[in-house]
Amino acid sequence: MSTLVLLLITGLGLGALYFLVAAGLSLIWGLMRVLNFAHGAFFTVAGYAGFFTSAALSGTSPWLQWLAGLVVATLTGGLFAALTEIGLIQPLYRRPVGQVLVTVGLALATLALVEGTFGSDPRQVALPAWLMATSNVLGAAIPNTRFAVLLIALLVLAGLLFFLRRTRYGLIIRAGVENRAMVSALGIDVQRAFTLVFTIGGLAAGLAGFLGATYYGTIDPSRGTSMLISAFIVVVIGGLGSITGSAIAAVIVGLLQQFLNFYAAAGVGDFAVVLLLAAVLLLRPGGLMGGSSS
Amino acid sequence: MSVDAALLNVDKLNVTIGESQILGGVSFRVRAGGITGLLGRNGVGKTTTLRGILGLVPRTGSVTLAGDELTSLPVHSIVRRGVGYVPEDRDVFGGLTVEENLRLAERAGSEHRYALVYELFPELLERAKQPAGTLSGGQQQMVALARALLNADNRILLIDEPTKGLAPLVVKRVADALKRAAEVTTILLVEQNLAVARHLVRDVVVLDQGRVVYAGDVAALIDDPALARRFLGLSAAEH
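None of these values were measured; they are calculated from a predicted model.

Digging into the overall build of chain B
Turning to step 1, where the next piece is worked out: A count of helical and extended segments in chain B gives 10 helices and 10 strands.
Turning to step 2, where the next piece is worked out: Counting all 239 residues of chain B, 45% fall into the buried class.
Turning to step 3, where the next piece is worked out: Counting contacts in chain B only where the partners sit at least 6 residues apart, residues at least 24 apart contribute 69% of the total.

The structure is reproduced here in structure tokens:
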């Protein structure tokens, strides 16, 4: 029973990380039809920004260190994404191949730069005592980081849904996911919504970058790439452009990986996720909730 | 509003998509006030002309609205200058409610237009919370027209085949709504239903193979069997 609970909550925590990366990817594709391969770079750079911020505050309150790292990582992700959209994506609208090439190039260059600058070895992240401890749930000792990641991801999900359903920009984004040409034909500057969505995606990826370091206890340059692959799978299963779909798919993927990797053999969970992706593409190509942005 | 001043001036509009030239130097004027019809057989470039005016397809030539050149502007800026658009396929946002579809079109002054919209289409108020994708074709057309009417800044509406595929009773309601809308704005109307066109339109521009082949009074065209047969096809003469 305790193993079951541990796997369940750990799987949910992993799903929460996937969701944070996937949510932005999904909205960016849904509205802009841009496959953003640089999303993992936002995760990585923001994670390191948070890590060094936290390290720079060494000697102060551990919670202050952690929260400062979280805030700086989130803002770094948003800023990196906004600059990418304005500097690299905007000049290439209507040129999808160019967009793919430039985001792949940015991802590779960023990874090389981070590895070259900080090395490829994992670095330990300083965490407050409570986050390094465990809590007993039905006999299972659950690392508290899982609860923190889950709680923050739920808050982000609620915030995104509120934004999409209750604000004018959210309305514009939901309409744009369906038919962006018609949004323009109503006199609305879709370009602004593009920059906003890219920035929101970057904020979420940046948050995930530092939460990933919190979840695993370490940070390294390559995690952004593996997160990106999982997030793309989540986005396709959930339905391109759907936040709720991404949340559901992220939970399914996280749980599937945890349970099968434990009960079958290491790697079986990852393989099963790819099989699930293939099944969704064959049986429901639009994903679980394709066509709906919220 | 002067009824004789040219509000919209289209000059040598060219649209080429891929290897095909869809419009080859289309030129015409739309007088301020009332409804101008853009007629012609299927596939002669009527929809492309509207999309070209709005900048939804790459084009060359000149389009001016009350003297202001529009062709260098992005689509949303052209709309903000006062060009409203109701596309052929309605293009309502199916996942959004009726109310949300209308909210997207709101501008300063829209609160006064809601009265007109709900007077013309009271069912939109009753179905405000319903996803627009679940409406009938006629109701979706009402949403599309309502969105254009809500923008009080619109000086001209480009309306593409609003009665296409609708039941006769709904066609009459849409036609009545267009007539009422023409009291508050100028309309450039693409319409295949010649009975509707004859009823609503004052001036007419006829396209054939991407060029203007007739511009003038609608009655002179439709009531003359020879002209109607020549420019609109054989069946037109029967209307």
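That was the structure; now back to the text.
Thoughts on the overall build of chain A
Turning to step 1, where the next piece is worked out: Each helix and strand in chain A was counted, giving 11 helices and 4 strands.
Turning to step 2, where the next piece is worked out: Against the compact-globule benchmark of 19 Å for 294 residues, chain A has a radius of gyration of 19 Å, which places it among compact chains.
Turning to step 3, where the next piece is worked out: Oriented by its inertia axes, the alpha-carbon framework of chain A measures out at about 55 × 45 × 35 Å.
Turning to step 4, where the next piece is worked out: Looking at chain A as a whole, 54% of its 294 residues qualify as buried.
Turning to step 5, where the next piece is worked out: Of the contacts formed within chain A by residues at least 6 apart in sequence, a portion of 78% connects residues at least 24 apart.

Some words on the sheet that holds strand β7 (residues 156-160) of chain B
All names here are of chain B.
Turning to step 1, where the next piece is worked out: An order of β6-β7-β8-β3-β9-β10 is seen for the 6 strands of this open sheet, with the pairing classed as mixed. Pairing within the sheet leaves two strands with one partner each, and these edge strands are β6 (83-86) and β10 (211-217). Going from strand to strand, the sheet's axes swing by 20 degrees on average, the running direction of each strand aside.
Turning to step 2, where the next piece is worked out: In terms of strand pairing, strand β3 (residues 35-39) meets strand β8 (residues 186-190) through 4 bridges, oriented parallel. Across the sheet, the residue bridging to G37 is L189, located in β8.
Turning to step 3, where the next piece is worked out: Contacts between helix α1 (residues 46-54) and the sheet are confined to β3, β6, β7, β8 and β9 (203-208), with β7 contributing the most and set at about 145 degrees to the helix.

Things to note about the nonpolar core
Residues and elements named next belong to chain A.
Turning to step 1, where the next piece is worked out: L17, L20 and V21 are the most contacted members of the largest nonpolar core, which has 169 residues in total.
Turning to step 2, where the next piece is worked out: It is helix α1 (residues 2-32) that contributes the most residues to this core, 18 residues altogether.
Turning to step 3, where the next piece is worked out: If we skip the residues at most four places from it in the chain, V21 touches H39, F43, A205, A208, M227, L228 and A231.

Brief notes about the pairing of strand β3 (residues 140-143) of chain A
Residues in a regular strand project their side chains so that they alternate between the two faces of the sheet.
All names here are of chain A.
Turning to step 1, where the next piece is worked out: For strand β2 (residues 134-137) and β3, the ladder comprises 4 bridges, and the chain directions are antiparallel. Within the sheet, the bridge partner assigned to T134 lies in β3 and is P143.
Turning to step 2, where the next piece is worked out: In this structure, the hairpin formed by β2 and β3 is closed by a connection of 2 residues, where L138 is found at a positive phi of approximately 50 degrees.

Some thoughts on the interface of chain B and chain A
Turning to step 1, where the next piece is worked out: Each partner contributes to the interface: chain B provides 18 residues, whereas chain A provides 15 residues.
Turning to step 2, where the next piece is worked out: Contributions of two or more residues to the side of chain B that touches chain A are made by α2 (75-80) and α3 (98-104) of chain B.
Turning to step 3, where the next piece is worked out: By residue number, the principal contributor to the side of chain B that touches chain A is α2 of chain B, which donates 4 residues.
Turning to step 4, where the next piece is worked out: Class assignment of the residues belonging to the side of chain B that touches chain A gives a composition of 9 nonpolar, 4 polar and 5 charged.

Considering the packing of helix α9 (residues 223-238) of chain A against helix α10 (residues 243-263) of chain A
Relative orientation and spacing of two packed helices are given, respectively, by the angle between their axes and the distance between those axes.
All names here are of chain A.
Turning to step 1, where the next piece is worked out: Interaxial distance between α9 and α10 falls to 8 Å at its minimum, and their mutual angle equals 120 degrees. The orientation of α9 with respect to α10, classified from their angle, is oblique. Regarding α9 and α10, the two cross each other, and that crossing is right-handed. For the pair α9 and α10, the contacting residues are S230, I233, V234, V235, I237 and G238 in the first and G245, S246, I248, A249, A250, I252 and V253 in the second.
Turning to step 2, where the next piece is worked out: Taken together, the residues of the contact of α9 with α10 sort by class into 9 nonpolar, 4 polar and no charged.

Regarding the pairing of β8 of chain B
Residue and element names in this part refer to chain B.
Turning to step 1, where the next piece is worked out: Across the 5 residues that make up β8, a large majority, 5, are buried.
Turning to step 2, where the next piece is worked out: Going residue by residue along β8, you find T186, L188 and V190 tucked away on one face and I187 and L189 tucked away on the opposite face as well.
Turning to step 3, where the next piece is worked out: Where β7 and β8 come together, 5 bridges link them in parallel fashion. Within β8, the position partnered with D160 by the bridge is V190.
Turning to step 4, where the next piece is worked out: Between β7 and its parallel partner β8, the chain crosses via helix α7 (residues 168-181), and the hand of that crossover is right-handed.

A short note on the sheet that holds strand β2 (residues 20-31) of chain B
Turning to step 1, where the next piece is worked out: Taken in spatial order, the 4 strands line up as β2-β1-β4-β5 (chain B) in an open sheet, and their pairing is antiparallel. Edge positions in the sheet fall to β2 and β5 (68-69) of chain B, since each has one partner strand and no second.

Concerning unusual backbone geometry
Residue and element names in this part refer to chain B.
Turning to step 1, where the next piece is worked out: A positive phi angle, near 50 degrees, is found at K12, a position not held by glycine.
Turning to step 2, where the next piece is worked out: Mapping K12 onto the fold places it in strand β1 (residues 6-17).
Turning to step 3, where the next piece is worked out: In the Ramachandran plot, Q209 falls in the positive-phi region, its phi being about 50 degrees despite a non-glycine side chain.

Some details on the environment of A49 of chain A
Residue and element names in this part refer to chain A.
Turning to step 1, where the next piece is worked out: Note that A49 resides in helix α2 (residues 39-56).
Turning to step 2, where the next piece is worked out: Under the C-beta neighbour-count criterion, A49 is labelled buried, with 22 such atoms within 10 Å.
Turning to step 3, where the next piece is worked out: Along the sequence, A49 and V71 sit 22 residues apart, while their C-alpha atoms lie 9.8 Å from each other.
Turning to step 4, where the next piece is worked out: With residues up to four places along the chain from it excluded, the contact list for A49 reads V72, A73 and T76.

Remarks on α2 of chain A
Turning to step 1, where the next piece is worked out: With 18 residues, α2 of chain A extends 26 Å between its outermost C-alpha atoms, agreeing within 8% with the 26 Å of an ideal straight helix rising 1.5 Å per residue.
Turning to step 2, where the next piece is worked out: Along α2 of chain A, 15 of the 18 residues are buried, which leaves the element largely enclosed by surrounding structure.

Some thoughts on helix α4 (residues 96-118) of chain A
One turn of an α-helix holds 3.6 residues; hence residues three or four places apart share an orientation.
Residues and elements named next belong to chain A.
Turning to step 1, where the next piece is worked out: Taking 1.5 Å of rise per residue, 23 residues should cover 33 Å, and α4 covers 33 Å from first to last C-alpha, within 8% of that figure.
Turning to step 2, where the next piece is worked out: For α4, the full list of buried residues reads Q99, T103, L106, A107, T110 and V114.
Turning to step 3, where the next piece is worked out: Against the buried residues of α4 lie α2 and α3 (62-89).
Turning to step 4, where the next piece is worked out: Positive backbone phi, at 85 degrees, marks G119, one or two positions downstream of α4.

Quick word on the confidence of the model for chain B
Reading predicted coordinates in detail is not appropriate for stretches of low pLDDT.
Turning to step 1, where the next piece is worked out: In the predicted model, chain B carries a mean pLDDT of 91, and 95% of its residues have values of at least 70.
Turning to step 2, where the next piece is worked out: Note on the complex model: pTM 0.85, ipTM 0.88.

Some thoughts on the packing of helix α6 (residues 144-166) of chain A against helix α7 (residues 168-184) of chain A
Residue and element names in this part refer to chain A.
Turning to step 1, where the next piece is worked out: Two elements in contact, α6 and α7, have axes separated by 5 Å at closest approach and are oriented at 85 degrees. Taken as axis vectors, α6 and α7 run roughly perpendicular relative to one another. The residues of α7 that touch α6, namely those facing F163, L164, R165 and R166, are G170, I173 and R174.
Turning to step 2, where the next piece is worked out: Here the contact of α6 with α7 is built from residues that sort into 3 nonpolar, 1 polar and 3 charged.

The rules behind the values
Residues numbered from 1 in each chain as written. Chains lettered and ligands numbered in written order. Predicted model: local features only at pLDDT ≥ 70, side-chain atom pairs only at ≥ 80, totals over all residues. Helix = DSSP H or I, 4+ residues; strand = E, 2+ residues; numbered from the N terminus. Buried ≥ 20, exposed ≤ 12 C-beta atoms within 10 Å, placed from the backbone. Contact = placed C-beta atoms within 7 Å. Rg over C-alpha atoms; globule rule 2.2 N^0.38 Å. Pairing = 2+ DSSP bridges. Axes fitted to C-alpha atoms, helices over the stretch in contact; angles between N-to-C directions. Core = buried A, V, L, I, M, F, W, Y, C linked by C-beta atoms within 7 Å. Nonpolar A, V, L, I, M, F, W, Y, C, P; charged D, E, K, R; others polar. Parallel < 35°, antiparallel > 145°, perpendicular 65-115°, else oblique. Left-handed = near helix turned anticlockwise from the far one by under 90°. Right-handed = clockwise from strand over helix to strand, strands pointing away. Expected span 1.5 Å × (residues − 1). pLDDT = per-residue confidence, 0-100.

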